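Secondary and tertiary structure notes
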Amino acid sequence: MASQTEENYLKSLFNLANEKGEVNISELASQMQVSMPTVNSMVKTLQKNGWLIYEKYKPVTLTPEGKKDAALVIRKHRLTEMFLVNKMGFGWEEVHEIAEQVEHIHAPKFFERMDEMMGFPTIDPHGSPIPDKLGRIQEINYLSLSDCKAGQLVKLAGLTNSSTEFLEFLNGRNLSLGTELTIRSKEAYDQSIVVSYLNHNSETLSEKVCEKLLVKVME
C-alpha cells in the first residue's frame, strides 16, 4: 500500500507525463516543490516498489502498475469532488483541497458507494474524466475555445485549469459546465474572443482564458 507521499508523487508523474509517458526529474521536483536530492531519493523508492522505470540521467516512466495506482488516486479525488458538489452543495471552486485529503483514504467500498450514490458519473465538476475501478481513463477530445471560429455555437465541457482563482473568475461571469456560447467575433490582434450566453450579450474573453476553456461544438 502506497504512503500518502508516494501517492502524491504517482499522481504528479501521471499528470506530468508527455505523449511518450516520460517525465523529467527536474520537472517533477518543480511540481512537488522539493529539492533534486529529495526527488531522486523518492524516484528510487518508487522504482523499488515497481511503480517506476528509472535510468540515471534519463526521464522516468511509470510502469503499468504505477499508471494504474496513480489513476486510482485520481479516481478517488475526482469522485470526491463530484460528491461534494452534487450531494453536499459545495461550489466547484471549493472542493480541491478537501479532495486532496480524502483521496488518500484506503477504503474501496467507501468510494464504490459514493460512485453508486451519484449514478456512476464519468466526469468530475471541472469536466475531467473519472477513471474506472480498474484505473482506465476514457479520454475526451474537446476543442479549446481559442481554436474556435466566429459564428460557432459551442458548449463549455471542461477546463485545463481548475485553480480556485480561475474558477472564481468564471463564477463572476456566470460561466459553468454546460453553458452554451455563441462566438460573436475573434480579434486578430490578440486572439481575444467575444461571446454571448445566457444574459451576457457581449462578453470579451482573453486568449489566456480561452485556452483554458474546453468546448464541444454544437451541430
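The sections below set out a description of the structure shown in this document. Sequence order as written defines residue numbering, which begins from 1 separately in each chain. Residue-level local features of this predicted model are given only where pLDDT is at least 70; pairs of side-chain atoms are given and counted only at 80 or more, and the full residue set underlies all totals for whole chains, interfaces and linings. Excluded from the side-chain calculations are hydrogens and water; all other atoms, namely the structure's heavy atoms, are used.

1. A short note on the sheet that holds strand 1 (residues 22-23)
Two strands pair under a simple rule: DSSP has to find at least two bridges between them. Starting at the N terminus, helices and strands are each numbered in turn, a helix being any DSSP run of H or I of at least four residues and a strand any DSSP run of E of at least two. Read from one edge to the other, the open sheet built from 3 strands follows the order 1-3-2, with strand pairing classed as antiparallel. Looking at which strands have only one partner, the edges of the open sheet turn out to be strand 1 and strand 2 (52-53). Bridge count between strand 2 and strand 3 (residues 60-62): 2 bridges; the pairing is antiparallel. Within strand 3, the residue paired with Ile-53 across the bridge is Thr-61.

2. Let's talk about unusual backbone geometry
Phi angles above zero are rare outside glycine, and Gln-33 is one such case at about 60°. As for its position among the elements, Gln-33 is in the loop between helix 2 (25-32) and helix 3 (36-48). Exposure categories follow from relative accessible area, calculated using a 1.4 Å probe and restricted to protein chains: below 20% of the type maximum is buried, above 50% is exposed, and the middle band is partly exposed. The exposure class assigned to Gln-33 is exposed, which follows from its relative accessible area of 72%. With a phi angle near 60°, Phe-120 is a residue other than glycine that sits in the positive phi range. Checked against the element boundaries, Phe-120 lands in the loop between helix 6 (108-117) and strand 4 (143-144).

3. Overview of the packing of helix 1 (residues 4-16) against helix 4 (residues 64-86)
Helix 4 packs onto helix 1 with a crossing angle of 100° between their chain directions and a minimal axis gap of 8 Å. Classified by the angle between their axes, helix 1 and helix 4 sit roughly perpendicular to one another. Touching Glu-7, Leu-10, Lys-11, Phe-14 and Asn-15 of helix 1 are Gly-66, Lys-67, Asp-69, Ala-70, Ala-71, Val-73, Ile-74, Lys-76 and His-77, all from helix 4. Axis definition: a line fit to C-alpha positions, over the contact stretch in the case of helices; interaxial angles, taken between N-to-C directions, run 0 to 180 degrees. Roughly parallel refers to an angle under 35 degrees, roughly antiparallel to one over 145, roughly perpendicular to one between 65 and 115, and oblique to any angle outside these ranges. By the convention used here, residues are in contact when the closest approach between their heavy atoms is within 4.5 Å.

4. Here we look at the sheet that holds strand 7 (residues 193-197)
What the 6 strands build is an open sheet, ordered 4-9-5-6-7-8; its pairing is antiparallel. Bordering the open sheet on either side are strand 4 and strand 8 (200-205), each of which pairs with just one other strand.

5. Comments concerning the layout of surface pockets
Space inside and on the surface of the protein is sampled on a 1 Å grid over the protein atoms alone, with a cavity defined as a set of points where a 1.4 Å probe fits but cannot get out and a pocket as an open set with protein on both sides within 12 Å along at least 5 of 7 lines; lining residues have an atom within 4 Å of a point. Grid points are joined across faces, edges and corners, and a volume is the space filled by probe spheres set on the points. Taken as a whole, the largest pocket encloses approximately 1200 Å³ of empty space. For the lining of the largest pocket, the elements supplying multiple residues, two or more each, are helix 1, helix 2, helix 4, helix 5 (96-102) and strand 5 (153-159). The element contributing the most residues to the lining of the largest pocket is helix 1, with 6 residues. In this classification, the charged set is Asp, Glu, Lys and Arg, the nonpolar set is Ala, Val, Leu, Ile, Met, Phe, Trp, Tyr, Cys and Pro, and all remaining amino acids, among them Gly, are polar. Its residues assigned to classes, the lining of the largest pocket comprises 11 nonpolar, 15 polar and 7 charged. Put simply, the second largest pocket is a space of about 420 Å³. Along its surface, the second largest pocket is lined by 17 residues, and Leu-72, Val-73, Lys-76, His-106 and Pro-108 are the ones closest to its centre. Taken together, the residues that form the lining of the second largest pocket break down as 10 nonpolar, 1 polar and 6 charged.

6. Considerations on the side chain of Ser-196
Residue position: Ser-196 is located in strand 7. Counted as a polar contact is a pair of N or O atoms within 3.5 Å, where, for protein atoms, one must be capable of donating a hydrogen and the other of accepting one, and residues adjacent in sequence contribute only when both atoms are in side chains. Within polar-contact distance, the side chain of Ser-196 engages the side chain of Arg-184 at 2.9 Å.

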